[in-house]
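In case you want the letters, here they are:
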Amino acid sequence: MGKGCFITLEGGEGSGKTTQIGLLAAYLQNKGIDVMTTKEPGGTEVGQELRKILCTGNKDKMDAVAEALLYYADRRIHLQSKVLPALERGTWVISDRFADSTVAYQYYGYDKRLPKEMLDQLYAITVGHFRPDLTIILDIDPAKGVARSLKRNGSAAVQETRFESRELAFHENLRRGFREIAQSSPHYVLLNADQSVESLHREIVKMTEERLMRK
Ligand code: TMP
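The shown structure was predicted, so the numbers you read here are calculated from the model rather than taken from an experiment.

Some details on the site of the ligand
Piece 1. Neighbouring the ligand are 14 residues; Glu 13, Tyr 71, Arg 97, Thr 102 and Gln 106 lie closest to it.
Piece 2. For the ligand, an oxygen atom lies 2.6 Å from a polar atom in the side chain of Thr 102.
Piece 3. Here a nitrogen atom of the ligand sits 2.9 Å away from a polar atom, N or O, in the side chain of Gln 106.
Piece 4. Isolated, the ligand exposes 470 Å² of accessible area, and the fraction of that covered by the protein chains is 94%.
Piece 5. Cavity membership is defined here by more than half of the atoms lying within 2 Å of grid points; on that basis the ligand lies in the largest pocket.
Piece 6. Secondary structure elements with two or more residues in the shell around the ligand: helix 2 (45–55), helix 3 (64–88) and helix 4 (99–109).

Description of the packing of aromatic side chains
Piece 1. For the structure on display, the rule yields nine aromatic pairs.
Piece 2. Judged by centre distance (5.2 Å) and plane angle (90°), the rings of Phe 6 and Phe 98 are edge-to-face. You can see Phe 6 sitting in strand 1 (residues 6–11) and its partner Phe 98 sitting in the loop between strand 3 (92–96) and helix 4, a full 92 residues away along the chain.
Piece 3. Using a relative accessible area of 1% as the deciding quantity, one classes Phe 98 as buried.

What about the sheet that holds strand 4 (residues 134–139)?
Piece 1. As summarised here, the arrangement of the five strands in space is 2-3-1-4-5, forming an open sheet in which the pairing is parallel. In the strand order of this sheet, the two ends are held by strand 2 (35–39) and strand 5 (188–192), each with one partner. Across the sheet, the mean angle separating the axes of adjacent strands is 20° when strand polarity is ignored.
Piece 2. Inspection of the sheet shows strand 4 paired to strand 5 by five bridges, in the parallel sense.

Examining the layout of surface pockets
Piece 1. In this structure, the largest pocket spans a volume of roughly 640 Å³.
Piece 2. As for the largest pocket, its lining consists of 33 residues, of which Glu 13, Lys 17, Arg 51, Asp 96 and Arg 97 are closest to the centre.
Piece 3. Elements that contribute at least two residues to the lining of the largest pocket include exactly helix 1 (17–30), strand 2, helix 2, helix 3, helix 4 and helix 6 (142–153).
Piece 4. Across the lining of the largest pocket, the residue classes break down as seven nonpolar, 13 polar and 13 charged.
Piece 5. Computed from the structure, the second largest pocket encloses a volume of approximately 360 Å³.
Piece 6. Lining the second largest pocket are 20 residues, with Asp 100, Val 103, Asp 120, Tyr 123 and Tyr 188 positioned closest to its centre.
Piece 7. Elements represented by at least two residues in the lining of the second largest pocket include exactly helix 4 and helix 5 (116–126).
Piece 8. Here the lining of the second largest pocket is composed, by residue class, of eleven nonpolar, five polar and four charged.

Section: helix 3
Piece 1. Where helix 3 bends most, the angle comes to about 50°, and this point is Leu 79.
Piece 2. Along helix 3, the residues classified as buried are Ala 64, Glu 67, Ala 68, Tyr 71, Tyr 72, Asp 74, Arg 75, His 78, Leu 79, Val 83, Ala 86 and Leu 87.
Piece 3. Buried positions along helix 3 lie against strand 1, strand 2, helix 2, strand 3, helix 4 and helix 5.
Piece 4. Trailing helix 3 by a residue or two, Gly 90 shows a phi angle of about 95°, which is positive.

Definitions and limits used
Residue positions are given per chain, counting from 1 as you read along its sequence in written order. For a predicted model such as this one, the threshold for reporting local features is a pLDDT of at least 70, and the threshold for listing and counting side-chain atom pairs is 80 or more; totals across whole chains, interfaces and linings nevertheless cover every residue. Side-chain numbers come from the whole structure's heavy atoms, not from hydrogens or water. Nearness is defined per residue: one heavy atom within 4 Å of the molecule or strand is enough. Identification of polar contacts relies on pairs of N or O atoms within 3.5 Å, with a donor-acceptor requirement for protein atoms, meaning one able to donate a hydrogen and the other able to accept it, and with residues adjacent in sequence counted only if both atoms are side-chain atoms. Accessible areas in this description were obtained via Shrake-Rupley with a 1.4 Å probe; residue shielding takes into account the shown protein chains only. Buriedness for pockets is judged along seven lines, at least five of which must meet protein on both sides within 12 Å for an open set on the 1 Å grid over protein atoms alone, while cavities are sets there where a 1.4 Å probe fits but cannot get out, and lining residues have an atom within 4 Å of a point. Any molecule with more than half of its atoms within 2 Å of a cavity's or pocket's grid points is counted as sitting in it. The way it works is that DSSP assigns letters per residue, a run of H or I at least four long becomes a helix, a run of E at least two long becomes a strand, and they are numbered from the N terminus. When two rings of Phe, Tyr or Trp (its six-membered ring) have centres within 6.5 Å they constitute a pair, described as stacked for plane angles under 30 degrees, edge-to-face for angles over 60, and tilted for the intermediate range. Buried residues are those whose accessible area, probed at 1.4 Å on protein chains only, stays under 20% of the maximum for their type, while exposed residues exceed 50% and partly exposed ones sit between those limits. Any two strands are treated as partners once DSSP identifies two or more bridges connecting them. Simply put, an axis is a line fit to the C-alpha atoms, just over the touching stretch for a helix, and the angle between two N-to-C directions goes from 0 to 180 degrees. Grid points are joined across faces, edges and corners, and a volume is the space filled by probe spheres set on the points. Each residue is assigned to one class: nonpolar for Ala, Val, Leu, Ile, Met, Phe, Trp, Tyr, Cys and Pro, charged for Asp, Glu, Lys and Arg, and polar for all the others, Gly among them. The term bend refers to the angle at a residue between two fitted axes, each drawn through seven residues, those ending there and those starting there. Whether two residues touch is decided by their heavy atoms; if any such pair falls within 4.5 Å, the residues are in contact.

In structure tokens, the structure reads:
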């Protein structure tokens, strides 16, 4: 069986990635494609523990360097134990975030306070030459997105507000970062997330068909 395609969805807080991933997975399954959805951080058992450390608690409990190391630990385990074996079986994998989030959040978000080479080296060591086949970046005004996300993640049950609680400038930086990243390689697609769930889904399907299904 041939290798599956690896699709990643990226974007700031409250951009609607999770909803769109569910819809895209259902669409592809309808076409007879075997699909697995997953996420970073937290796509594995160890990842769930790392997610708790990274996404809850005081926003200043660690800096960008420490965060990048933990996100890459999560990524390494996720790739080795879940993503690569699935792709090898011919399953398509859709991941809610991947390495571009580390560049956007830990590099651009924190105003480039860590050396970009650190992230390039971490990528080379932990991921190697492997790249997503398609990365869809959902672009949204941070003021709207963060409010949406706080409503969902600030509930007593979730309490994942470590990043949402950062100042608006952080979120504006990372939005600019994602926009720059989108220009850097043809496997990126930047879509406006400030539209209805249905019309955004149609755009995502169109891009997925054009890029991956008409090969
Ligand atoms: P989520 O809420 O989209 O599931 O993502 C969890 C949080 O982790 C979100 O605030 C973005 C952040 N994050 C990073 O800062 N760097 C990363 O590399 C990843 C994967 C996520």
